[in-house]
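Spelled out, the chains give:
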Amino acid sequence: MRRRFTSSSVGISLLAAASSMASESAALQIPTLSLRTFRAAPSSERDDDGGTAGPSPAGPSLEEASLDMPIIGLGTYKFKKGTGEISRAIGDALRAGYRHIDTAFVYGGEKTEGEIGEALSSLLSRPGRDSPPSAGGIGRSDLFLTSKQWRAYHGYEPTLRCLDLSLRRLRTDYLDLYLIHWPGPAYNTMARSRERMELSPDGPFVYAKDGHGRDELAGLRSETWRAMEDALFRGKVRSIGVSNFTVGHLESLKRTARVWPPAVNQIELHPYNPQTELVDYCRREGIAVQAYASLGRQDAGRKSWSALGGKLLERTEVADVAERHGRAPAQVLLRWATQRGLCVIPKSTDAGHMRMNLEAVSDGGGGFRLSREDMEAIDSLDQSRVDVPSSDGSGVSGSRPNEKARLCWVRDPLKMLDFD
C-alpha cells in the first residue's frame, strides 16, 4: 500500500522579507510565499549520492517542511538564445533584486537552461547546493530556481532522465521547484492536419506519441508524478508541482499521489482569463497558484486581440487605474495578481522594467496597493466564458470557455485542456 504524505495546512501566507543580498534594490521588500513540501527525516537512510534512499512500498521516512518562494520570478520563456541576452538578463535581474528564476527544459529549443546555467556559474561562486555567497553577496542557496519536465518525457524513467538533463544544464545539483510542464500528450509529428484531426474519432490524439493515448494519459501522469516524488525523497528537488493542470487533472493525480498537494500549479492567468474556479480549488487543496502571461503578451494574434477588445496593456480600464496611481499599466496588472494571492513570473530583458516589476509587488519602498474599486475595474475585463445560444434561438442555454481568452499554447490543438 502506498503511504501518502499530506501537508497539514495550506501554507499560503505572505511574508514581507527584505532582501539581505547586495542589490540595486535593497529598499524593496519582496514578499515570499510559504510552500508546503517534505524532506527526508534525519533518520532516513542515505544513498551513495547523498540523497535519501528510494522509498519502500510503504514510503520513506519524511517530515513536513516549508519553503519560501519569492512571489515574483524572472520568466525566461522566449529569451533569445545564442545572443548573450540570457546572460545579460540574469545578471541584471540579480542586481535588481530578483532571487527567483523560472525556466523549463524545452525553452529556447532546449538551449535556455544551458545558457542560464552558464550565466549563474559566472555570477555565483559555486552553483551547487552549499555554495557560499560570492563577492556580490549572492550564493546558490539565496536563489529559488524552477524548471519543468517536458511532455516528451512523461513516465517514470523518462522523467528522471529529463530532470538529470536539466540539472546538468543548469549546473546545479538540485532545483527548488520542479513542475510537470503540460498534462497532455507528446505528438509524433508537428505536421498535424486539421482535417485529419476533425475526421478521426481520436481527434488530436490521432497524432499522440505511442503510450500517450487518451486512455493512457492519467496513468502516465501518475508515473511522472511518482518519479518526481522520488526525486523529492532523494533531495534532487526541494518541492514538486504541476503546470497547466485543470481541476480534473489534479483530482485524477490525487488518487494515486503519495505526496499531496503539489506545491504549485503554474497556469495562464490574467484579467481576460482569471481562472476563478481553478484558483478556488487550489486554495482549498493548499496548492499555491503561480500566474504566467500576467501581462497578456504571449502567443495570441491580431484576431484574438480584436475579439477581446484590445491588448490588456492598452485597455482603458487598466490605463485609468495606472494613471490614478502614477504607475505603468504593467505594474497594475502584476499588482492585481499578487493582491489576489498569486505569484507572477513576468519576462523581461530590460533592467528598468525589471526594477518596475519588483516595485509593483513590493510591500516596502516603491510599492503601492490597489483599492477595491481598482480591483473591481480590472476584474470586469473577465472574458473567460462566452454564452451558448439555445437551439431554438430564443435565448441563452449556458456558457462555454472562450478560446479567444486563451493567449498561450495557441498552436496546440488541445490548448483548452478538455481531456482527462
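See the structure above.
Residues numbered from 1 in each chain as written. Predicted model: local features only at pLDDT ≥ 70, side-chain atom pairs only at ≥ 80, totals over all residues. Heavy atoms only, no water.

1. Things to note about the layout of surface pockets
Okay, so step 1: Computed from the structure, the largest pocket encloses a volume of approximately 1,100 Å³.
Okay, so step 2: Taken together, 43 residues line the largest pocket, and the ones lying closest to its centre are Tyr77, Lys78, Tyr107, Gln298 and Asp299.
Okay, so step 3: Breaking the lining of the largest pocket down by element, the ones donating at least two residues are α2 (107-110), β12 (288-292) and α12 (351-361).
Okay, so step 4: For the lining of the largest pocket, the residue count by class is 19 nonpolar, 14 polar and 10 charged. (1 Å grid on protein atoms, 1.4 Å probe; cavity = no way out; pocket = protein on both sides within 12 Å on 5 of 7 lines; lining within 4 Å. Points joined across faces, edges and corners; volume = space filled by probe spheres on them. Helix = DSSP H or I, 4+ residues; strand = E, 2+ residues; numbered from the N terminus. Nonpolar A, V, L, I, M, F, W, Y, C, P; charged D, E, K, R; others polar.)

2. Considerations on the nonpolar core
Okay, so step 1: In terms of nonpolar packing, the biggest core is built from 112 residues, with Leu35, Ile90, Leu120 and Leu250 touching the most fellow members.
Okay, so step 2: For this core, the element with the highest residue contribution is helix α6 (residues 217-233), accounting for 7 residues. (Core = buried A, V, L, I, M, F, W, Y, C linked by side-chain atoms within 4.5 Å. Buried < 20%, exposed > 50% of the residue type's maximum accessible area, 1.4 Å probe, protein only.)

3. Thoughts on helix α7 (residues 247-254)
In an α-helix, one turn spans 3.6 residues, which is why side chains three or four residues apart end up on the same side.
Okay, so step 1: All buried positions along α7 are accounted for by His249, Leu250, Ser252 and Leu253. An end-on view of α7 places all buried positions within 160° of arc, on one side of the element.
Okay, so step 2: Of the surrounding elements, those touching the buried residues of α7 are α6, β9 (240-243), β10 (259-260), β11 (264-268) and α8 (276-285). (Arc of directions from axis to C-beta. Contact = heavy atoms within 4.5 Å.)

4. Focus on the packing of helix α10 (residues 316-325) against helix α11 (residues 329-339)
Okay, so step 1: It is at 8 Å that the axes of α10 and α11 come closest, and there the two elements cross at 95°. It follows that α10 is roughly perpendicular to α11 by the angle criterion. Residues Val318, Val321 and Ala322 of α10 lie in contact with α11, whose contacting residues are Pro329, Val332 and Leu333.
Okay, so step 2: Considering only residue class, the contact of α10 with α11 consists of 6 nonpolar, no polar and no charged. (Axes fitted to C-alpha atoms, helices over the stretch in contact; angles between N-to-C directions. Parallel < 35°, antiparallel > 145°, perpendicular 65-115°, else oblique.)

5. What about the pattern of salt bridges?
Okay, so step 1: Overall, the coordinates contain 21 salt bridges when judged by the stated rule.
Okay, so step 2: In this structure, Glu64 engages Arg36 in a salt bridge whose closest nitrogen and oxygen atoms are separated by 3.6 Å. One end of the pair, Glu64, is in strand β4 (residues 62-70); the other, Arg36, is in strand β3 (residues 32-40), and 28 residues separate them in sequence.
Okay, so step 3: Here Glu64 falls in the partly exposed class, since its relative accessible area comes to 29%.
Okay, so step 4: Judged by relative accessible area, which is 26%, Arg36 ranks as partly exposed.
Okay, so step 5: Here the residues in one salt-bridge network are Glu110, Glu113 and Arg169, joined through shared partners. (Salt bridge = Lys/Arg side-chain N within 4 Å of Asp/Glu carboxyl O.)

6. A look at the environment of Lys209
Okay, so step 1: Among the structural elements, Lys209 can be located in the loop between α5 (194-199) and α6.
Okay, so step 2: Using a relative accessible area of 33% as the deciding quantity, one classes Lys209 as partly exposed.
Okay, so step 3: Remark: the alpha-carbon pair of Lys209 and Asn188, spanning 21 residues in sequence, is separated by 4.9 Å.

7. Some words on a negative patch on the surface
Okay, so step 1: A surface patch of negative charge is lined by Asp202, Asp210, Asp215, Glu216 and Asp420.
Okay, so step 2: Relative to the helices and strands, Asp215 is located in the loop between α5 and α6. (Patch = residues over 30% accessible without salt bridge, like charges linked within 9 Å, V, L, I, M, F, W, Y side chains within 5 Å. Areas by Shrake-Rupley, 256 points an atom, 1.4 Å probe, with all protein chains shown as cover. Lys, Arg positive; Asp, Glu negative; His and termini not counted. Charge placed at Lys NZ, Arg CZ, Asp CG, Glu CD.)

8. As for the sheet that holds strand β7 (residues 144-149)
Okay, so step 1: Read across the sheet, 8 strands follow the order β5-β6-β7-β8-β9-β11-β12-β13 without closing on themselves; strand pairing throughout is parallel. Only two strands of the sheet have a single partner each, and these edge strands are β5 (74-75) and β13 (343-344).
Okay, so step 2: Bridging between β11 and β12 involves 5 bridges; their strand directions are parallel. Counterpart to Val264 in the pairing with β12 is Ala288.
Okay, so step 3: Packed onto the sheet, helix α4 (residues 156-170) meets β7 and β8 (177-180) and runs at close to 140° relative to β7. (Pairing = 2+ DSSP bridges.)

Without other data, these values stay purely geometric and don't point to any function.
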